[in-house]
Amino acid sequence: MSSATTPPDSDPTRRRQVHSMLKLYYGLNEEGKVTEQAESLDPCDINGPHFDPEIYLNKLRKECSLGELMDHESCMVKQIRSLDSDMQTLVYENYNKFISATDTIRKMKNDFKKMEDEMDCLSANMAAITEFSACISGTLQDQHAQITKLSGVHTLLRKLQFLFELPARLNKCLELQAYAQAVGAHRKARCVLQQYSHMPSFRGIQDDCHVIMEQLAQQLRQKFRDGGSSAKDLSECVELLLQLDEPAEELCDKFLSHAQSRLEADLKALEAELKDAAVTDTGGGLVQKTSPGSNPVSPSSSSMTNPFLSPTAGTDILEFIDRGCNEFVSNLCLVIASYQELFINRPQEGELASKNIPEMANGKLHVFVDTLAARYFSLVERRIQEEKGVGDNSLLVRALDRFHRRLQAISKLIPGSAVPSQGTEIVVRAARERIKQYLSALQTFYHDSLTDVRQALAAPRLPMGGASSSGGGATSKDATPSLPELLTSLSNFILNQLKSVLASVHLFTAKDITFSNKPYFKGEFCSQGVREGLVVSFIKFICQSSRQYCESAGDRGGSTPPALLLLLSRLCLDYETSTISYILTLTDEQFLVQHHTPVTPVTALCAEAREAAQKLLNHYVKVQGLIISQMLRKSVETRDWVNTIEPRNVRAVMKRVVEDTTSIDVQVGLLYEEGVRKAHSSDSSKRTFSVYSSSRQQIRYAPSYTPSAPMDTNLLSNIHKLFSERIDIFSPVEFNKVSVLTGIIKISLKTFLECVRLRTFGRYGLQQIQVDCHYLQMYLWRFVSDENLVHFLLDEIVCSAAHRCLDPSPMEQSVIEVICERG
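**Brief notes about the overall build of the protein**
At step 1: A count of helices and strands for the protein gives 24 helices and two strands.
At step 2: The burial tally for the protein puts 40% of its 823 residues in the buried class.
At step 3: Pairs at least 24 apart in sequence give 82% of the contacts found in the protein among residues at least 6 apart.

What follows is the structure, given as C-alpha cells:
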C-alpha cells in the first residue's frame, strides 16, 4: 500500500508528532491547556486572544510616521497573503489524504467480505474430511491387528533369509575385496547368531561366518603390514580391524614398528655420511688483509696455523641438515600425521569409545617420537661438533635455522612433545659452543700476534754505539719507527679480528633467522653469550695473559724481552682509557644487549686493564733495572779495588750504563709521555763535583782522611741520614717516561751502593769510584724527576767507598772533571 493512501493515524509516531506541532501552534501544553505565553492580555498583541484593532491602530498612528505606517501595511499584506497560501496548501493536502483514506476503507470492506466467504467454505470442507476419516477408521479397525502380525512375520523372514545367505554373501565380498561390506554385514548378524548359537542351524551359520571372517582379517592384516596403497586404504584397513575386535595396542605397535624400520634407514644413511665424511682443509676464513710493508707484524708465520682456518668436513653442514630434514624429519611428520589420523583423531563410536584408544595411542606415539628424535639429535650434535672452522659462520647459522624451523612442524603435530624444546637446546648449545670456539680462536690469534711481535723485536739490527739488545738497547734511529708501529699494528689486528668475529656471530641474530628473536635465545645469547662469554672474556684474557709475563723469575727477568713488557703495558693502558669502552659500546649497539642479567661493568674491566698495565710497567722497570744492576755488580765484584792503578779515565761499564739508560729513555719515550720533573738548578750538569767538594762532604771525609781523627764518621753519617728523605727503591711507577727512568736508575744505583758496601778499597779504588760517580752524575740527572735523588745515591756510594777505604785520599775535583770530560 503506497504512502499516499496510508491513513494519517496509522503511524503512532507520526500522529504524536502532528499533535505536538498543533499544540505548539496553538500555544497548548502537553495536557491541552493554554500556556502562560499564549494567555497574553495585551490588546495590542496581534497574535493574542485579547487583540483590539482600534487600540492597535491608534497606537500605530501615534507612534509611527506615515512612511512607517505604509511599510507596516505592506508587511501585513505580505503576511496575510503568505498565511492564505499556507492555508490553501494545508486544505489541499488534507483533502487528498481524506480522499485516500476513504478509498482505503472502502477497499478493506470489500476484502473482508470476500475473506469471510472463503473461511465459511474452509470450515465446511474440514467437517467433511473429519467425517470421512472416522468412517475409514471404523472400517479398517478389525484388520489392523492382522496386518501388524503379518508385517512382523515378513520382517522376521527377511532376517532369516539374510542369515542363511550371509556365508555366501561374505564369500562374495571376500572375492571382490569389498571388506567394508563384509564387516558391516557380519556386525549386523553377529549378535543374533551369538544369541541363537544353541540351535544347530544357527550354530552352523556362525561357524561358517567365523572361518570367512578369519580369512578376511588375515588379508586385512597383510594389507596393513604392507602399508596399503594409500592413506585412505590404510585408514579403512585399521577401522575394519578394530571392528573385528583386533587389539588396538597391537595395531599401534605394528604400525610404529613398520614406520620405525623406514625411519631407521634414514638415520643409518645420516650416520654413514658422518663416518665416511673426509676431513679436508678449506680455504675460507678470516684472513687479515695487510698491505706490503704497512705493518711490521707480518701474518705470514701465524696465518699457516690461524685458528680461523681450521678444517671442516667434506660435506657441509647445511647439506647434512637438509638431508636430515627432507628425509628423516619429513618422514617422521608423515608418520605422525598418519598415526594420529588412524588412532587418535578418529571419532570413536560404540564399543571403541569405551576402550579409550586415543590416550593409549598418544602415549605410544610420544615414546616412539622421543626415541627416534634422540638418535637424530645425537647425529646432528656430532655433525655440529665437527664444525671447528670458524671462518664462515653463514652455513652453520642457516643449517641451525632450517633445523629449528622444521622441528616446529613436530610441535604443531604433537603439542605436548618435548622434541622441539630439545631441538632448541641443541641450537642454543651450538651457539654457545660457537662462541667458545671464537673465543679460543681469538686467544690463539692473540698469542700468534704476540709471537710475531717478539720476532719483530728480536730481528737483528745494526749496532749503534754498542747498544745492548738485551737491554732493549735499540737506538733512536732503530726504535723510532718500529715500536709505535708494533703497538699500532698489534692493537689494530686484535680490534679488527674482534670486529670480524662480532660480524660473524651477528649472523645468529639476523631478522630472517627463526630462533633469533625467541626470548629463550636472543637475550641470553647477546648478554651472557656474546658480551660476557666472548668480548668480556677476551678482554680479561688479554689482561691475564699480559700479567703472566710478570711472573717470570730470574735476575734477568726471564726470557721476555723488556720491550714487549713496555708494549703490553701501553696496550693495556690504551684498553683502559678508550678501547674497552669502545668495544663494549659497539657490542651493545650491534647486538642490542639488554642488561637484565648481571653483566661485568666497564669500570671493572678498565680497572683490571689498568692493574695489568701497572704491573707490566713495574715489571719492566724491575727487569731493566736488574739488567743494568747486573753489569754494575759484575764490574764491582770482578775488580781488585785495593791494588788497582790510579784512575786515568772512566770505566767502560759506566759508559755502557749511560748508553743503555739513554736507549731506555728513547724506548719509553716512544710509548709514554714525558712526565713532570722538578725544577732543575742552573748548574745541574756540574753538580757532581760541587757536591763532592762541598763543605759537608769535606767534613764527612776529613776525619777519615786525618789519621788522628777523634770523631766517628759513622755517627755523623747516621745523624745526616736521619734528616734525609727516605728513598723507596721499588715503589710503583707512574705512566710517564720520567717515572719509569727514575725507577730504573734508583734500582741501578741502589745495587751499585750495596755492591760497594761489600768491597774493600784502596786509595786509587776510592778515586775510581769518585770518577765513575761524577760521570754518572753528569748524565743521569737528566732522566729522573728529582735530581737530588741521583745526588743523594751517588753521595752514598762515594761515602760507602770512603768508609771501606784503607787509605782514604780523595782525588782533586778538577782532576775528576778533566778525566770525565775527556770521557
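Let us keep going from here.
**Side note on helix α15 (residues 562–591)**
At step 1: Maximum bend of α15: about 60°, positioned at E576.
At step 2: Trailing α15 by a residue or two, L592 shows a phi angle of about 50°, which is positive.

**Looking at the pattern of salt bridges**
At step 1: Here the structure, examined in full by the defined rule, presents 25 salt bridges.
At step 2: As a salt-bridge pair, K364 and D253 come within 2.9 Å of each other at their nearest N and O atoms. Of this pair, K364 sits in helix α10 (residues 357–385) while D253 is found in helix α8 (residues 248–276), placing the two residues 111 residues apart along the sequence.
At step 3: Relative accessible area serves as the criterion here: at 36%, D253 is assigned to the partly exposed category.
At step 4: Across the pair E319 and R323 runs a salt bridge whose closest N-O atoms are separated by 3.3 Å. Of this pair, E319 and R323 both sit in helix α9 (residues 317–344), separated by four residues, roughly a single helical turn.
At step 5: In this structure, a network of salt bridges that share partners links the residues K750, E754, R757 and E796.

**Examining the side chain of S629**
At step 1: Mapped onto the elements, S629 comes out in helix α16 (residues 602–637).
At step 2: Note on S629: relative accessible area 0%, which makes it buried.
At step 3: In this structure S629 touches I747, S748 and T751, once residues within four positions along its chain are discounted.

**Remarks on a nonpolar patch on the surface**
At step 1: A cluster of nonpolar side chains, M108, F112, M115, M119, L122, M126 and I129, forms an exposed patch at the surface whose accessible area comes to about 730 Å².
At step 2: With respect to the helices and strands, the residue M108 is situated in helix α3 (residues 66–140).

**As for the environment of L758**
At step 1: Turning to its location among the elements, L758 is positioned in the loop between α21 (737–757) and α22 (763–780).
At step 2: Placed 121 residues apart in sequence, L758 and E637 show a C-alpha to C-alpha distance of 8.9 Å.

**Here's the deal with the packing of α9 against α10**
At step 1: One way to put it is that α9 packs onto α10 with a least axis distance of 11 Å and a crossing angle of 175°. When the axis of α9 is compared with that of α10, the two are roughly antiparallel.
At step 2: The class makeup of the residues in the contact of α9 with α10 is 24 nonpolar, three polar and two charged.

**What to know about the nonpolar core**
Among soluble globular proteins, nonpolar side chains are generally buried collectively.
At step 1: In terms of nonpolar packing, the biggest core is built from 170 residues, with F343, F368, Y376, F508, F752 and I769 touching the most fellow members.
At step 2: Beyond its immediate sequence surroundings of up to four residues, F508 is in contact with N393, L396, V397, L400, A431, R434, I513, F515, S516, F521 and F525.

**Side note on the packing of aromatic side chains**
In this description, an aromatic ring pair is defined by two values, namely the gap between the centres and the angle between the planes.
At step 1: Applying the stated criterion to the full structure yields 10 aromatic pairs.
At step 2: Aromatic side chains F377 and F403 sit 5.8 Å apart centroid to centroid with 75° between the ring planes, which places their arrangement in the edge-to-face category. With F377 in helix α10 and F403 in helix α11 (residues 394–413), this pair connects stretches of sequence that are 26 residues apart. Exposure class is identical for F377 and F403. Each is buried.
At step 3: Centre to centre, the rings of Y672 and F735 are 6.3 Å apart; their planes meet at 25°, and the pair counts as stacked. One end of the pair, Y672, is in the loop between α17 (652–669) and α18 (687–692); the other, F735, is in the loop between α20 (713–722) and α21, and 63 residues separate them in sequence.
At step 4: For F735, a relative accessible area of 16% corresponds to the buried category.
At step 5: A connected cluster of aromatic rings, assembled from ring pairs, spans F328, Y376, F377 and F403.
At step 6: Across the ring face of Y672, the terminal group of R570 is positioned such that the distance to the ring centre comes to 5.2 Å.

**So, the environment of I745**
At step 1: Within the secondary structure layout, I745 lies in helix α21.
At step 2: With residues up to four places along the chain from it excluded, the contact list for I745 reads T661, L780, F783, V784 and V790.

**Description of the state of the cysteines**
At step 1: Counted under the stated rule, the structure contains zero disulfides.
At step 2: The cysteine C325 is free of any disulfide, with C333 supplying the nearest cysteine sulfur at 9.4 Å.
At step 3: Judged by its relative accessible area of 1%, C325 falls in the buried class.
At step 4: In this model C543 remains outside any disulfide bridge; the closest cysteine sulfur is found in C572, 5.1 Å from its own.
At step 5: C543 gets classed as buried once you look at its relative accessible area, which sits at 2%.

**Some details on a negative patch on the surface**
At step 1: Among the surface-exposed residues, E116, D117, E118 and D120 lie close enough to one another that they form a single negatively charged patch.
At step 2: Mapped onto the secondary structure, D120 falls in helix α3.
At step 3: A relative accessible area of 53% places D120 in the exposed class.

**Here we look at the packing of α22 against helix α24 (residues 813–822)**
At step 1: Closest axis-to-axis distance for the α22/α24 pair is 9 Å, and the angle between their directions is 60°. As summarised for this structure, α22 and α24 are arranged oblique, according to the angle between their axes. Of the two elements, α22 crosses α24, and the hand of that crossing is right-handed. Contacts from Q770, V771, H774, Y775 and M778 of α22 reach α24 at Q813, I816, E817, I819 and C820.

**Quick word on the confidence of the model for the protein**
At step 1: The predicted model of the protein has a mean per-residue pLDDT of 75, with 70% of residues at 70 or higher.
At step 2: Counting contacts from residues 278–305, a segment whose pLDDT is below 50, to residues more than four positions away or on other chains yields 52 contacts.
At step 3: In this model, residues 553–557 is a region of pLDDT below 50 whose contacts with residues beyond four sequence positions or in other chains number nine contacts.

Definitions and cut-offs
Residues numbered from 1 in each chain as written. Predicted model: local features only at pLDDT ≥ 70, side-chain atom pairs only at ≥ 80, totals over all residues. Heavy atoms only, no water. Helix = DSSP H or I, 4+ residues; strand = E, 2+ residues; numbered from the N terminus. Buried < 20%, exposed > 50% of the residue type's maximum accessible area, 1.4 Å probe, protein only. Contact = heavy atoms within 4.5 Å. Bend = angle between axes of the 7 residues up to and from the residue. Salt bridge = Lys/Arg side-chain N within 4 Å of Asp/Glu carboxyl O. Patch = residues over 30% accessible without salt bridge, like charges linked within 9 Å, V, L, I, M, F, W, Y side chains within 5 Å. Areas by Shrake-Rupley, 256 points an atom, 1.4 Å probe, with all protein chains shown as cover. Axes fitted to C-alpha atoms, helices over the stretch in contact; angles between N-to-C directions. Parallel < 35°, antiparallel > 145°, perpendicular 65-115°, else oblique. Nonpolar A, V, L, I, M, F, W, Y, C, P; charged D, E, K, R; others polar. Core = buried A, V, L, I, M, F, W, Y, C linked by side-chain atoms within 4.5 Å. Phe/Tyr/Trp six-rings, centres within 6.5 Å; stacked < 30°, edge-to-face > 60°. Lys NZ or Arg CZ within 6 Å of the ring centre and 35° of its normal. Disulfide = S-S within 2.5 Å. Lys, Arg positive; Asp, Glu negative; His and termini not counted. Charge placed at Lys NZ, Arg CZ, Asp CG, Glu CD. Left-handed = near helix turned anticlockwise from the far one by under 90°. pLDDT = per-residue confidence, 0-100.

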